[in-house]
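# Results of the structural survey
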Amino acid sequence: MSILDNARLAAREVLLADTGKQRPMWRQCFTELDGSLHPNAIAPVCLDEEHDPEDPTVYVCCPDTVVEVESHVIGAYLVELLNTDAAVGESA
């Protein structure tokens, strides 16, 4: 097993503990509402039916794993990477 495979497995275990039975899809979000135009974090998509999927805010209903990033461009990349990895992992 490669270093990348080991990292994926470890991350999967943490995320499953946080979010339940399936790997989450990810989104960019705000952890601070300071008027910034770009999200400063990434988090699993909140599945609460009261949480509008278009709302980039993190609420109490959202899964715990939130990762702040300095760059919204890097955040967008991480979201795509995690979502692709989740999709591949679920079909494997």
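A brief look at the structure comes next. (Residues numbered from 1 in each chain as written. Predicted model: local features only at pLDDT ≥ 70, side-chain atom pairs only at ≥ 80, totals over all residues. Heavy atoms only, no water.)

With respect to the helices, strands and loops of the structure, asparagine 40 is situated in the loop between strand 1 (26–29) and strand 2 (41–44). On the accessibility criterion, asparagine 40 (17% relative accessible area) is buried. Distance in space between the C-alpha atoms of asparagine 40 and valine 69 is 5.5 Å, their sequence separation being 29 residues. Among all residues touching asparagine 40, those that are not within four sequence positions of it are Cys29, Phe30, Thr31, Glu32, Val67, Glu68 and Val69. Within polar-contact distance, the side chain of asparagine 40 engages the side chain of threonine 31 at 2.8 Å. (Helix = DSSP H or I, 4+ residues; strand = E, 2+ residues; numbered from the N terminus. Buried < 20%, exposed > 50% of the residue type's maximum accessible area, 1.4 Å probe, protein only. Contact = heavy atoms within 4.5 Å. Polar contact = N/O pair within 3.5 Å; in protein donor to acceptor, adjacent residues only side chain to side chain.)

Covered by surrounding structure in strand 2 are Ala41 and Ala43 together with Ile42 and Pro44, the residues of both alternating faces. Inspection of the sheet shows strand 1 paired to strand 2 by 4 bridges, in the antiparallel sense. Looking at strand 2, one finds that cysteine 29 is bridged to alanine 41. Note: strand 2 against strand 3 (residues 67–68), 2 bridges, orientation antiparallel. Pairing of isoleucine 42 across the sheet is with valine 67, part of strand 3. (Pairing = 2+ DSSP bridges.)

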